[in-house]
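# Breakdown of the fold
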Amino acid sequence: MNFLLQLVRKYPLTVLCLAAIWYLSFFTPPQTELDHVDFIDKWVHIIMYGGTCMVMWAEYLHRHRQVQQWGKLIFFSWLAPILMSGLIELLQAYCTGGRRSGDWLDLAANAIGVTLAAVIGIIVANLRK
């Protein structure tokens, strides 16, 4: 419990973005005119996960002058969001009673967004040296 409180204090915007992703992943979205745009859902996934991970990198770099543990940073800012995305897709497929469907292409779009954010974060971190 103490770990979670520290996480919220250190990275409040990241926690807020992650909570928003979990909420948006399980509510029933309304119908809009954008539903007819090709691949709009995939673009939303790329932006949602890429934006969240950019916030994650920004908060980390704001709190630390230099990256202290690259392995830990890459795990929490790249691999963990992709694993979370896979878990969400599985839960959508098997636990929403047909309201939502899990899609492997959504997972791929999420991974693209996370990877783009990681590349930008790594570049910014190296430029700060």
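These notes cover the structure that comes with them.

Here is what the cut-offs are and how they apply
- Residues numbered from 1 in each chain as written.
- Predicted model: local features only at pLDDT ≥ 70, side-chain atom pairs only at ≥ 80, totals over all residues.
- Heavy atoms only, no water.
- Helix = DSSP H or I, 4+ residues; strand = E, 2+ residues; numbered from the N terminus.
- Expected span 1.5 Å × (residues − 1).
- Buried < 20%, exposed > 50% of the residue type's maximum accessible area, 1.4 Å probe, protein only.
- Contact = heavy atoms within 4.5 Å.
- Phe/Tyr/Trp six-rings, centres within 6.5 Å; stacked < 30°, edge-to-face > 60°.
- Patch = residues over 30% accessible without salt bridge, like charges linked within 9 Å, V, L, I, M, F, W, Y side chains within 5 Å.
- Areas by Shrake-Rupley, 256 points an atom, 1.4 Å probe, with all protein chains shown as cover.
- Salt bridge = Lys/Arg side-chain N within 4 Å of Asp/Glu carboxyl O.

## Some thoughts on helix H5 (residues 104-127)
With 24 residues, H5 should reach 34 Å at 1.5 Å per residue; the first-to-last C-alpha distance of 35 Å fits that figure. All of the buried residues along H5 are Asp106, Leu107, Ala109, Asn110, Gly113, Val114, Ala117, Ala118, Gly121 and Ala125. Buried residues belonging to H5 abut helix H3 (40-63) and helix H4 (70-95).

## Here's the deal with the packing of aromatic side chains
The geometry of an aromatic ring pair comes down to the distance between the two centres and the angle between the two planes. The tally for this structure, following the rule as stated, stands at 4 aromatic pairs. Between tyrosine 23 and phenylalanine 27 the ring centres are 5.3 Å apart and the planes differ by 15°, which places this aromatic pair in the stacked class. On the basis of relative accessibility, which here comes to 26%, the residue phenylalanine 27 falls in the partly exposed class. On the basis of an interplanar angle of 45° and a centroid distance of 6.5 Å, the ring pair of tryptophan 57 and tryptophan 70 is categorised as tilted. Residue tryptophan 57 is found in helix H3, and its partner tryptophan 70 is found in helix H4; the two are separated by 13 residues along the sequence. Note on tryptophan 57: relative accessible area 1%, which makes it buried. Its relative accessible area of 31% is what places tryptophan 70 among the partly exposed residues.

## Some thoughts on a nonpolar patch on the surface
Taken together, the side chains of Met1, Phe3, Leu4, Leu5 and Leu7 define a hydrophobic patch exposed on the protein surface, amounting to about 550 Å² of accessible area. Within the secondary structure, leucine 5 is located in helix H1 (residues 2-10).

## Here's the deal with the pattern of salt bridges
For the structure on display, the rule yields 3 salt bridges. One salt bridge connects aspartate 41 with lysine 42, and the closest N-O pair in it is separated by 3.1 Å. Judged by relative accessible area, lysine 42 falls into the buried class, the value being 17%. One salt bridge connects aspartate 106 with lysine 42, and the closest N-O pair in it is separated by 2.6 Å. Linking aspartate 106 in helix H5 with lysine 42 in helix H3, this pair joins segments that are 64 residues apart in sequence.

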